[in-house]
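Notes for the structure review
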Amino acid sequence: MMITRYRPRPDTTMSLAFCGNDNNSAAYNVDAGVFNNGCFLDALTVVPHVFLLFITFPILFIGWGSQSSKVHIHHSTWLHFPGHNLRWILTFILLFVIVCEIAEGIVSDGFNQSVHLHLYMPSCLAFMAAITSIIYYHNIETSNFPKLLITLLIYWVLAFVSKTIKFAKYTEHGIGLRQLRFGITGLLTLLYGLLLAVEINVIMTRRYMCFAYAPEVKPPEDLQDLGVRFLQPFVNLLSKSTYWWMNTFITSAHRRPIDLKVIGRLPIAMRALTNYLKLREAFESQKRPQDSHPQGSKWIWTALRQAFGRPLLLSITYRFLADLLGFTGPLCISGIVHHLSKENHTIQPPVKHLGMYFISSQEFLANAYVLAVLLFFALLLQRTFLQASYYVAIETGINLRGAIQTKIFNKIMRLCTSNMSMGGMTVGQICNLVAIDTNQLMWFFFLCPNLFAMPVQIIVGIILLYYLLGISALIGATVITLLAPVQYFVATKLSDAQKSTLEYSSERLKKTNELLRGIKLLKLYAWEHIFCSSVEETRGKELTSLQTFALYTSISIFMNTAIPIAAVLVTFVAHVHLSDDADLSPAVAFASLSLFHILVTPLFLLSSVVRSTVKALVSVQKLSEFFSSDEIGDEQEPRTTFLLNSTNHNKYQALPLKVVNRKHPVREDWNSFALQSEQEDEPLAVEDEDICIKITSGYFSWTDGTPTLSNVDIKIPFGQLTMIVGQVGCGKSSLLLAALGEMQKISGTVIWNRLPTLDGEGSESPTDAAAEGDIRKRGAVAYASQKPWLLNTTLAENITFEMPLIKQRYKAVIEACSLQPDIDILPQGDQTEIGERGIILSGGQRQRISVARALYQTTNVVFLDDPFSALDIHLSDHLMQEGILKLLREEKRTVVLVTHKLQYLPHADWIIAMKDGSIQAEGTLKDIQNSQPELFEQWKTLMHRQDKEFEKTVDENMTVLERKNLRRAMYSREALRTEEEVEEESVESDDEDNMSRVMRHRATIPWRSCGTYLSSAGLLLLLLLLLSQLLKHSFLVAIDYWLAYWTSKVITAKTDAAAHNCSLVQDVGFSHSSYLLVFSLLCCLGIVLCLATSVAVEWTGLRVAKELHHNLLNKIILAPMRLFETTPLGSIVNRFSSDTNTIDQHIPATLECLSRSTLLCVSALGVISYVTPVFLIVLAPLAITCYFIQKYFRVASKDLQQLEDSTQLPLLSHFSETVEGLTTIRAFRYEPRFRQRLLQFTDANNMASLFLTAANRWLEVRMEYIGACIVLIAAVASITNSQYNHLSTGLVGLGLTYALMVSNYLNWMVRNLADMEVQLGAVKRIKALLKTEPESYEGLLSASQLPEGWPQRGEIQIQNLSVRYDSTLKPVLKQVNAHISPGQKLGICGRTGSGKSSFSLAFFRMVDTFEGRIIIDDIDIAKLPLQTLRSRFSIILQDPFLFSGTIRFNLDPEMKATDSMLWEALEIAQLKPVVKTLPGGLDAIITEGGENFSQGQRQLFCLARAFVRKSSILIMDEATASIDMATESILQKVVMTAFADRTVVTIAHRVHTILNADLVIVMKRGVILEFDKPEVLLNQEDSVFASFVRADK
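Residues numbered from 1 in each chain as written. Predicted model: local features only at pLDDT ≥ 70, side-chain atom pairs only at ≥ 80, totals over all residues. Heavy atoms only, no water.

Attention shifts here to the overall build of the protein chain. Helix and strand counts for the protein chain stand at 53 helices and 23 strands. Pairs at least 24 apart in sequence give 83% of the contacts found in the protein chain among residues at least 6 apart. On the protein chain, roughly 67400 Å² of surface is accessible, and the fraction owed to carbon and sulfur atoms is 60%. (Helix = DSSP H or I, 4+ residues; strand = E, 2+ residues; numbered from the N terminus. Contact = heavy atoms within 4.5 Å. Areas by Shrake-Rupley, 256 points an atom, 1.4 Å probe, with all protein chains shown as cover.)

Take a look at the structure:
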């Protein structure tokens, strides 16, 4: 409203005057004394402010430059003056009150005839002084000059005194609370007084003046550590609430990518260890003396509440404040529009005291500009509180996740191994607890504040609506509330659909994985299409399930947009019909519109919050079950059962205690809180001096059932080699584990002795054990389990296993385990990563590394569990001689060796023979020969047979083969380069301009991928999508515009009615019905369009998902073999798993959100600009600010998201590694080291999550503040426009409502843009694979032009053949010529890498033939279509591959052969008896990879498969490499008989397999050296073939 009418100003221009120059000016009247003059009182308050500004100005801006660089720790954030936060809060309140004082002065000045500066100028100075005071204080605090605070002390005293005088005079003159200025002055007096108190408090506690000495204050540990970069807990209040400290972090992401180095370390209070201790304390406090373990989920909830309840409470409080402030928006809109639409302003002239006007708060709030400013402040505050609430909740959730993960890990460390082996708990389940359940709990904590805030929001909203609209508001609210259950129903359906989609997609992945692993076989047999269609079929099912998912998603999206429209429609219809004099003014209409928007939010969150709560309850249930599972070694031995020989006792006891003290500080981290149950037990001594382990009458079991080991009485002597022998499954490994304390002991005793004197090497061993609290009375044991267990680190680290690297020793161990040749093959030698994420090693290689680890350790006791099982004879002998007999014997270590190789028995000092879980014999070989001669004889014959076998098989091949495979894998890895890696490497290069180019590349949005994505949908759908979105938003604007038009007409009608003295608007002939009709039509159309767009988006998403997967699969299936050799399988599988999942489920939702929020912002800005065109001028700077904020944020957010993902992988694999290697870790006594590593991984992951959260808050706070500025500008502009240009009040309401909306959707827009960018990475990676050139499948001849049954004879002519793997590589076969007559058997031999395998692949055109040709039965194979060519030959590869499915499917996927043909093939391959015994015969199931058959049987199945396809040419590529002698001779016989009339090409790695071939080719480096009959070549002394044969004997 305008106040001009109270100012009858003279026409003469007046000069400005501090006290005004009215004609009857009482301003300068000081008759009653100077203090009774209002203007003088105001002038008096100027003094302190001027003082402060003058004093601090030079210090602030001149003297500060020299100080800033003197500090090297994070001093700039070290807040160490007491009352710090209180001072900031008081200053903020002070600033707000001063702004109110300025506004009040300006409004009251409107009633004066001339300008009275004293009403607001002192307040302006006070505003400047308050800001100066806080900046000045901040600088003093961070640079630690407390003496300078004296200035502030003087300022607070002066300000307090001057305000008190003014306040006292007001009271004296009878000015009371009715006058606003009185209240403001009182508040200011109070605030200055409080600030003075804070200042005095600082002097009292810090004693920097008036005291003899000041106390020394040190910065907290975190700030002294420059590695801590996460400063949120340490910065001042303003920086905390606006995340100002993140600025440098986010902008620097543009210069260099964010990695673990950049984000540094976690502050101590947020580390997993700190939080774990908090949680553990909460658990401990609940334990009562009577029961050792409280059970059930209630126990966990209580502990979580105790440990993390307080920050959560803070978050809920912030949320309440934010939600209540959120309601000021609608109320201020209502107020502004209401005051603007009042035509006749009848306001009493204000009261006059002390020569000045005083106004009441009602008059103050009746000013539209004042409301606009209040709205601005309320928005700023609300957004700040909301973001603070989010941040606190998320930080608490992250801390909680770290604590629970640590607790789970500690539990794993004490888990009973029997739980694992008996299937009570799988590795997968435990990993799920870590990966899924802890995250569910974290999410629950994020959403927890909503649970409490929602009801309040809904109730307050409905009350306000009722106050505005009366009973009809309740009707509208009912519509919303009734739809909430529907929303919940849709949400549950969504999660069901997601589950079924997941099932199908994991089935599809399994098939895809198999297809990719067997791709070579599929291509060679031309079966790729059969498997492709099988994957497509599963994909079809998955898409059907995705359709359901999409349907419910679109319903959910539709309800999101349609419910508010429906609610508003119902409300207004009811409102107009229920009462005749319905007040449908713009004020009411737009305020209720905003309220409905606020109300809808909690109802949509409701479904996700409820679901999250349910999931959290389930997760806690799972956790409580896990925490209550059995632990190891619960029952401690009663101490009294042993008779201790006192002399021995002392001798043994003295040692470990001394060691403990020496070692203790190192492990402080974990030992400081080792659990009470882990008290020190002195190692127990037995009379037998030289016995290391003694078990007497021991009964041990894995589960509570019958004992696995019974009546065990054994002694294991010190420093000797003990061997444990016996048949498979007689309990040899169990005996080792029983000695290690891993089995449940039913009765008996296990006693471990320490060596009386420890030599230097062994002195390590008891230290760790003792430091841990010697639980089960034994030191560390170097244990190599039967199934080798490796860590995901470098090969060297796997061997040293956290021990210092001693070069000599390391070399000796590598030599003993013959690992050097394997290391030489690896790309980075022994620094190559092995394990899940690194190079895949074969079983023998893994076993040798595992044994090397046991040899390298310096423990006194070494347990080797069947270390020779996966090694061939040479390696076993070498390991036995060099490793066990030399290395370990020389060091006098106690070795226990479980083995099946009886030929090593003569080396043993002590032998334990086992049978069926009990001890059959014990003693030296001599003892056993005397006591049990028949056992000895049995051993002798077996030993003899093993030795025979040993002589017969010069069986180095196994290892050679392993190395060969590894070399192949390496060769292909070297060639591998995916787009992203190249990109990353270019980032690392030092070239500056290159660097900046890459950085620019990181900052641009991947429009190309977006284009790929949208173009996959097809033109029609794209048009539909665009049109429906644009139409929908146009209609949404139209609805609101019509409402503005309608309500403005109501106002006009009211004015007319008032002019005609009618009581109702209807009397003037105004009717709502026509307006209502249009309004209803628009609303209905809007609702229909909402449905259309939500369906269109999801439909587009489905279409794209279908297209991209289909294209990808077909491209991959037809890709040349080279792609699979140079790309790791994992990265191709990732395109089918995570990337496809992103495209299926995430991109459509993000796209919808992005388009909705963008269009809403655009339409809102359009409406505001239409209402007040002035707004466009201000829009430009705001838009530029927004652009830069989003540009910086997107880069940082992308990096942080990738960092969060990449830090989660090592954490999860550390868990699975630990679970798999539990026995080894516990045997080595390495629990503390693994815990330490866990803490590092958890902290790294939490660090990334915290930074990501802070970055999101950084963005949102900035976007919300920009939104608040838009609201302020729009409000001021439309108020001015309304008053001077008579803009209709309806449009003012419309503009303000839309301005409020912008602030909500701006940050959504940027967040979705950032998400979209990350998700489009999936499209980009798939697109890169889609660029692969397929093999040329078309041929010059069609299949029909071929002679029937080609090739019938099997004659092969090779003319001048040169072959290479890729046009960029060197040729692998050079100018090869050969002629093979029909039915001949050809053998090809040569060293590794001589081109033998390339020779066989050339027949199938798997390699690039760039010269020469192969002619088979008079037809050049280059002219045939690939499919035809490959379907006419048979090949047996060296690694047998079986698909999961039936035996029938494996032999004949094309389903062409009859049963009798299949049985015949099986008979030829000697498999008929095996298959006959299986349930289902030919329909028996083969598991994945053929795991349920032995290697030899798998190879025979491949032979049968080759026989089923009755082709006249068979190629065997080293087919006998991986099978034993017996199976090999079967194979040879079969080939000679069954394939007598066919041409067979055998590529041999053992020369004796091709001695009876018709022709032999010897190759070297791609050239044929010799080509003749074998007997001819053997007769030539100097022939290469002859030398091969001699070497093979």
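Bringing the sheet that holds strand E6 (residues 744-752) into the picture now. For sheets, the rule is that strands pair by backbone hydrogen bonds, running either parallel or antiparallel. Here three strands make up an open sheet; going across it, the order is E4-E3-E6 and the pairing antiparallel. One side of each edge strand has no neighbouring strand; the edge strands of this open sheet are strand E4 (709-717) and E6. Averaged over all neighbouring strand pairs, the angle between strand axes comes to 5 degrees, with direction disregarded. Across seven bridges, the pairing between strand E3 (residues 691-701) and E6 is antiparallel. (Pairing = 2+ DSSP bridges. Axes fitted to C-alpha atoms, helices over the stretch in contact; angles between N-to-C directions.)

Moving on to helix H12 (residues 297-326). In this model H12 runs just 37 Å from its N-terminal to its C-terminal C-alpha over 30 residues, more than 12% under the 44 Å that 1.5 Å per residue would give. At Phe-308, H12 shows its strongest bend, of approximately 65 degrees, with the proline Pro-311 following within four residues. (Expected span 1.5 Å × (residues − 1). Bend = angle between axes of the 7 residues up to and from the residue.)

A few words on a nonpolar patch on the surface. A cluster of nonpolar side chains, namely Tyr-466, Ile-471, Leu-474, Ile-475 and Leu-578, defines an oily patch on the protein surface of about 460 Å² accessible area. When residues of the nonpolar patch are assigned to their parent elements, the largest contribution, three residues, is made by helix H18 (residues 471-517). Along the chain, Tyr-466 falls in helix H17 (residues 427-469). (Patch = residues over 30% accessible without salt bridge, like charges linked within 9 Å, V, L, I, M, F, W, Y side chains within 5 Å. Salt bridge = Lys/Arg side-chain N within 4 Å of Asp/Glu carboxyl O.)

This part covers the sheet that holds strand E5 (residues 721-725). Reading across from one edge, E7-E8-E9-E5-E10-E11 is the order of the six strands in this open sheet, with mixed pairing throughout. Each of the sheet's edge strands pairs with one partner strand only, and the pair in question is strand E7 (781-784) and strand E11 (918-923). With direction set aside, neighbouring strand axes in the sheet form an average angle of 15 degrees. Relative to strand E8 (residues 861-865), E7 runs parallel, the two being bridged by four bridges.

Okay, the state of the cysteines next. Across all of its chains, the model carries one disulfide by this definition. Through a disulfide, Cys-19 is tied to Cys-39; the S-S separation comes to 1.8 Å. Here the S-S torsion is close to -80 degrees, and the disulfide linking Cys-19 with Cys-39 is therefore left-handed. Placement of the pair is Cys-19 in the segment before helix H1 (38-44) and Cys-39 in helix H1, with a sequence separation of 20 residues. The same class applies to Cys-19 as to Cys-39, namely buried. (Disulfide = S-S within 2.5 Å. Buried < 20%, exposed > 50% of the residue type's maximum accessible area, 1.4 Å probe, protein only.)

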